[in-house]
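# Residue-level structure breakdown
Below, each chain spelled out in residue letters.
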Amino acid sequence: MITLLIQDTTQAIQDTANAINPTLSQPAPELHFIDLLFKGGWVMIPLAFLAFLALVIFVERYLTIKKSTKDESNLMVQIRSYIQSGNLDGASALLRNNNSPLSRMLQKGLKRIGRPIKDIEGAIENVGKLEVAKLEKNISILGIVAGIAPMLGFVGTIVGVITIFHQVSIKGAIEIGTISGGLYTKMITSATGLIIGIIAYVLYHILNIMVEKIILKMETDAIDFIDLLEEPGK
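Report follows, based on the coordinates. For every chain, the first residue of the written sequence is number 1, and numbering continues from 1 onward in sequence order. Since the coordinates come from a predicted model, pLDDT governs what is reported: local features require at least 70, and pairs of side-chain atoms require 80 or more to be given and counted, while whole-chain, interface and lining totals use all residues. Hydrogens and water molecules were not included; the side-chain quantities draw on all heavy atoms of the structure.

### Thoughts on the overall build of the protein chain
Helix numbers and strand numbers start at the N terminus; a helix is a DSSP run of H or I with at least 4 residues, a strand a run of E with at least 2. Regarding its fold elements, the protein chain presents nine helices and zero strands. By residue count, 32% of the 234 residues in the protein chain fall in the buried class. Should any heavy atoms of two residues lie within 4.5 Å, those residues are counted as being in contact. Considering only intrachain contacts with a sequence separation of at least 6, the fraction spanning at least 24 residues in the protein chain is 77%. To be clear on the numbers: accessible area is Shrake-Rupley with a 1.4 Å probe, and residue cover counts the displayed protein chains and nothing else. For the protein chain, the computed accessible surface area is about 14900 Å², with 66% contributed by carbon and sulfur atoms. Residue burial is assigned from relative accessible area. The probe radius is 1.4 Å, only protein chains are included, and a residue is buried under 20% of its type maximum, exposed over 50%, and partly exposed in between.

### Description of the packing of helix α4 (residues 75-84) against helix α5 (residues 88-98)
For helices, the fitted axis covers only the stretch in contact; all axes are lines through C-alpha atoms, and the angles between them, taken along N-to-C directions, range from 0 to 180 degrees. Running from N to C, α4 and α5 point in directions that differ by 160°, and their axes come no closer than 7 Å. When the axis of α4 is compared with that of α5, the two are roughly antiparallel. Crossing geometry of α4 relative to α5 is assigned as left-handed. For the pair α4 and α5, contact is made by Leu75, Gln78, Ile79, Tyr82 and Ile83 and by Leu88, Gly90, Ala91, Leu94, Leu95 and Asn98, respectively. Residues are grouped as follows: Ala, Val, Leu, Ile, Met, Phe, Trp, Tyr, Cys and Pro are nonpolar; Asp, Glu, Lys and Arg are charged; all remaining types, including Gly, are polar. Along the lines of polarity and charge, the residues of the contact of α4 with α5 split into eight nonpolar, three polar and no charged. If an angle is under 35 degrees, it is roughly parallel; if it is over 145, roughly antiparallel; if it lies from 65 to 115, roughly perpendicular; otherwise it is oblique. By convention the crossing between two helices is left-handed if the near helix lies anticlockwise of the far one by an angle smaller than a right angle, and right-handed if it lies clockwise.

### Considerations on a nonpolar patch on the surface
The patch calculation keeps residues exceeding 30% relative accessible area without a salt bridge and links them within 9 Å when they carry like charges or within 5 Å when they are nonpolar (Val, Leu, Ile, Met, Phe, Trp, Tyr). We define a salt bridge as a contact between a side-chain nitrogen of Lys or Arg and a carboxyl oxygen of Asp or Glu at a distance within 4 Å. Together, Phe154, Leu194, Ile198, Tyr201, Val202 and Ile206 make up an exposed nonpolar region whose accessible area comes to about 550 Å². Within the element layout of this structure, Phe154 appears in helix α8 (residues 139-171). For Phe154, a relative accessible area of 41% corresponds to the partly exposed category.

### Focus on the side chain of Thr192
Following the sequence through the fold, Thr192 ends up in helix α9 (residues 176-229). Note on Thr192: relative accessible area 15%, which makes it buried. Pairs of N or O atoms are called polar contacts if they sit within 3.5 Å, as long as, within protein, a hydrogen donor faces a hydrogen acceptor (for residues adjacent in sequence, only side-chain-to-side-chain pairs). Side-chain polar atoms of Thr192 contact the backbone oxygen of Ile188, separated by 2.8 Å.

### Topic: the nonpolar core
Ranked by internal contacts, the top residues of the largest apolar core, which has 42 residues, are Ile65, Ile79 and Phe225. Sorting the residues of this core by element identifies α3 (44-68), α4, α5, α6 (101-111), α7 (117-135), α8 and α9 as the ones contributing at least two each. Take this core: its biggest share by element is 13 residues, from α9. If we skip the residues at most four places from it in the chain, Ile65 touches Leu135, Ile139, Leu207, Met210, Val211 and Ile214. Among buried residues, those of type Ala, Val, Leu, Ile, Met, Phe, Trp, Tyr and Cys that are joined through side-chain atoms within 4.5 Å constitute a nonpolar core.

### Concerning the environment of Val159
The topology assignment puts Val159 in helix α8. Note: C-alpha distance between Val159 and Val43 (116 residues apart in sequence) is 9.5 Å.

### Description of a negative patch on the surface
His is not counted here, nor are the chain ends, while Lys and Arg score as positive and Asp and Glu score as negative. Taken as the charge location is NZ of Lys, CZ of Arg, CG of Asp or CD of Glu. On the surface, a cluster of negative charge is contributed by Glu121, Asp224, Asp227 and Glu230. Within the element layout of this structure, Asp227 appears in helix α9.

### Here's the deal with the pattern of salt bridges
Taken as a whole and assessed by the stated rule, the structure comprises five salt bridges. A salt bridge links Glu60 to Arg61, with the shortest nitrogen-to-oxygen separation between them at 2.8 Å. Given the relative accessible area of 36%, Glu60 is considered partly exposed. Relative accessible area serves as the criterion here: at 5%, Arg61 is assigned to the buried category. Put simply, Glu131 and Lys134 hold a salt bridge, and the shortest N to O gap is 3.9 Å. Of this pair, Glu131 and Lys134 are both found in helix α7, three residues apart, which corresponds to roughly one turn of the helix. Judged by relative accessible area, which is 5%, Glu131 ranks as buried. Where salt bridges share partners, they join Arg104, Glu131 and Lys134 into one cluster.

### Regarding a positive patch on the surface
Together, Arg96, Lys108, Lys111 and Arg115 make up a region of like positive charge exposed at the surface. Structurally, Arg96 can be placed in helix α5.

### Examining the packing of α5 against α6
A pair of packed helices is characterised by two quantities: the angle between their axes and the separation of those axes. In the contact formed by α5 and α6, the axes pass within 8 Å of each other and the chain directions differ by 155°. In terms of orientation, α5 and α6 fall into the roughly antiparallel class. You can see that α5 and α6 cross each other, and the crossing is left-handed. Across the interface between the two elements, Leu88, Ala91, Ser92, Leu95, Arg96 and Asn98 of α5 pack against Ser103, Leu106, Gln107 and Leu110 of α6. Each residue belonging to the contact of α5 with α6 can be placed in one class, and the counts come to five nonpolar, four polar and one charged.

Quick look at the structure:
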């Protein structure tokens, strides 16, 4: 009997609360990611463009750099064999068929054989700089996206706050629902900008690390090539 009395009392209290405030009995609407993005306003359009641009640049640069990092462990061994046997044509053909930044750099040095070592080093260094510039093409744009996206997100939030207070000044009253609802939708731009910026920042450094590994490989093999030309009897 006591249990039934407690249950009836609890139900009566809940019914009374629902009658006073009908919204309490209504389930809270679900938040969907796509809906939140659309509530961000016009700032979401340039943010979406920045995200798309960063993705395209990363994929294109990643595939290009990955293609340039193919296994060349036996390249210098074969080049050494050709040069020591005096078969410069064979070494040149091997480098042409390899078609990589390292092979193009060594091929330039191979064409300068017979000239002073300083001239060969200068030719190799110049080609190396051009190859590195090709690998680093457009990577800096990722760094720009990483810096612009968060700031653009903050701009969207500030514009939203200005709009909210403009509405408050027109109505002449502060409504918690208007302020809180407007703020949470406008904060979406800040969150989106930060996420895009962080991702672009990470992708930027991934590509830079890949390029640095190629540069180290090119410098090491260029030194080995010059040492090979300076060996006695060459």
